[in-house]
Amino acid sequence: MASPVGHASAEAAELTKVRALRQVPPSVRVRRALRRMSASIANVWLIAIVPLLWEAVARTSPTRYFPPLSEVMAEFKVMWLSSDWQRLFLSDLFYGTVVPSMSRLARGWGLAVVVGIVCGFIIGRSRLTARMFHPVIRFWMATPKVVLLPIAVQIFGIADSMNIFLIFFGTVWLILINTADGVAGVDAAWLRSARSMQLSRPTLYRRVLLPAASPQIFTGLRVSIGIGLILVIVSELYATTEGLGYQIAIFQSTFEYVRMWSAFLLIALIGILLNMAFTALERRAVRWQRRTGLGGL
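Residues numbered from 1 in each chain as written. Predicted model: local features only at pLDDT ≥ 70, side-chain atom pairs only at ≥ 80, totals over all residues. Heavy atoms only, no water.

What follows covers the overall build of the protein. Each helix and strand in the protein was counted, giving eleven helices and zero strands. When the elements of the protein are put in sequence order from the N terminus, they spell out α-α-α-α-α-α-α-α-α-α-α. Expressed as a percentage of its 297 residues, the buried residues of the protein come to 35%. Residue pairs in contact within the protein that sit at least 24 positions apart in sequence constitute 68% of those at least 6 positions apart. (Helix = DSSP H or I, 4+ residues; strand = E, 2+ residues; numbered from the N terminus. Buried < 20%, exposed > 50% of the residue type's maximum accessible area, 1.4 Å probe, protein only. Contact = heavy atoms within 4.5 Å.)

This is the structure:
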């Protein structure tokens, strides 16, 4: 049974809050409401305008190569969705097309994460190693990874290993350099404190270096997964027999442009969902970090 004293204190706190709100001048309340409204508009204005522009341009200048968004959405529903809740309301075409692409992305990007973080720690902790491998890293960072597609096809043939290699090679350098920069930029005072406490090397890496470098590591991971999605589509456009890229190539060669645009829309949604999921994971993993500027995007 609740105490009368507890009830009284709760009522007093609520009364104090109401009085404080009443004491706020109307002009301040109006400014706060306008700020909240402007923040909401800033979040959704582009999402609202782009579909309207798409529909208007496609209707005023009709061409089979750029169909209206309404037609694309109708085709999207037919192609990729279903009414079967046991299949999560997704069609057979979705599972036969998207699952192979996401499997290649997961394997290629996952391998890049392991290699990039491990090598990044090694390079970030050794000035000599950093000097030795700096030209190689910068060279491959500046090289468009798509140019390796013909070479990868010659080496691996038309197989999953080719797609996985291209995704791995296209994303590992970004993860590696962000990890190395994060490790090399750890505050020297933290390292001196760790040495004074005589921490073992595994404990130093786990409790000091990894947490301190994690913001930059997560930045590299988040950017690289978007690049990996691009590379899986590009590699499937030219050298595979299944997947989203392969399906787009089929639609393009058979002049089914509405279906092709629906596949583009699906890729965009997958990219948005991946980014949202990774952003949520990043905020949870480095919730102690205070982001400023555009860091929260």
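The next thing to look at is helix α8 (residues 188-196). The periodicity of an α-helix, 3.6 residues per turn, causes residues three or four positions apart to be oriented the same way. Near the N-terminus of α8, the side chain that reaches the backbone nitrogen of alanine 189, with its oxygen 3.0 Å away, is that of aspartate 187. Just downstream of α8 lies glutamine 198, where phi reads positive at about 55°. (Polar contact = N/O pair within 3.5 Å; in protein donor to acceptor, adjacent residues only side chain to side chain.)

This part covers the packing of α8 against helix α9 (residues 201-238). Between α8 and α9, whose axes approach to 11 Å, the crossing angle comes to 170°. Accordingly, the angle class assigned to the pair α8 and α9 is roughly antiparallel. Touching Trp190, Leu191 and Ala194 of α8 are Leu204, Val208, Leu209 and Ala212, all from α9. Class assignment of the residues belonging to the contact of α8 with α9 gives a composition of seven nonpolar, no polar and no charged. (Axes fitted to C-alpha atoms, helices over the stretch in contact; angles between N-to-C directions. Parallel < 35°, antiparallel > 145°, perpendicular 65-115°, else oblique. Nonpolar A, V, L, I, M, F, W, Y, C, P; charged D, E, K, R; others polar.)

On the surface, a cluster of nonpolar side chains totalling about 470 Å² of accessible area is made up of Trp45, Leu46, Ile49, Val50 and Leu53. For tryptophan 45, the position within the fold is in helix α2 (residues 26-60). Its relative accessible area of 45% is what places tryptophan 45 among the partly exposed residues. (Patch = residues over 30% accessible without salt bridge, like charges linked within 9 Å, V, L, I, M, F, W, Y side chains within 5 Å. Areas by Shrake-Rupley, 256 points an atom, 1.4 Å probe, with all protein chains shown as cover. Salt bridge = Lys/Arg side-chain N within 4 Å of Asp/Glu carboxyl O.)

Applying the stated criterion across every chain yields a total of nine salt bridges. Across the salt bridge formed by aspartate 160 and arginine 107, the nearest N and O atoms sit 3.3 Å from each other. Of this pair, aspartate 160 sits in helix α7 (residues 160-184) while arginine 107 is found in helix α4 (residues 92-125), placing the two residues 53 residues apart along the sequence. Relative accessible area serves as the criterion here: at 30%, aspartate 160 is assigned to the partly exposed category. In the salt-bridge network here, residues are joined through shared partners; they are Arg104, Arg107, Asp160, Glu236 and Glu242.

Attention now moves to the nonpolar core. Core analysis: the biggest nonpolar cluster contains 60 residues, and Trp80, Trp109, Leu221, Leu244 and Leu266 have the highest contact counts within it. Not counting the four nearest positions on each side in its chain, leucine 221 is found in contact with Trp109, Val113, Ile175 and Phe278. (Core = buried A, V, L, I, M, F, W, Y, C linked by side-chain atoms within 4.5 Å.)

Once that is clear, we can look at unusual backbone geometry. For leucine 88, which is not a glycine, the phi torsion comes out positive at approximately 60°. Mapped onto the secondary structure, leucine 88 falls in the loop between α3 (69-80) and α4. When its relative accessible area of 62% is taken as the criterion, leucine 88 is described as exposed.

On to a positive patch on the surface. On the surface, a cluster of positive charge is contributed by Arg31, Arg32, Arg35 and Arg36. Tracing the sequence through the fold places arginine 35 in helix α2. (Lys, Arg positive; Asp, Glu negative; His and termini not counted. Charge placed at Lys NZ, Arg CZ, Asp CG, Glu CD.)

Evaluated as defined, the whole model comprises 15 aromatic pairs. For the pair tyrosine 65 and tyrosine 257, a centre-to-centre distance of 5.0 Å together with 65° between the ring planes defines the contact as edge-to-face. Within this pair, whereas tyrosine 65 is found in the loop between α2 and α3, its partner tyrosine 257 is found in helix α11 (residues 257-285), the two being separated by 192 residues in sequence. Residue tyrosine 65 is classed as exposed on the basis of its relative accessible area, which comes to 52%. Connected via pairs of aromatic rings, a cluster forms that spans Phe139, Trp140, Phe156, Phe165, Phe169 and Trp173. (Phe/Tyr/Trp six-rings, centres within 6.5 Å; stacked < 30°, edge-to-face > 60°.)

For any two helices packed against each other, the geometry comes down to the angle between their axes and how far apart the axes lie. Remark: α3 packs on α11, axes separated minimally by 8 Å, with the N-to-C direction vectors making an angle of 75°. Relative to α11, the element α3 is oriented roughly perpendicular. Of the residues in α11, those in contact with Glu71, Val72, Met73, Glu75, Phe76, Met79 and Trp80 of α3 are Val258, Arg259, Trp261, Ser262, Ala263, Leu265, Leu266 and Leu269. Its residues assigned to classes, the contact of α3 with α11 shows eleven nonpolar, one polar and three charged.

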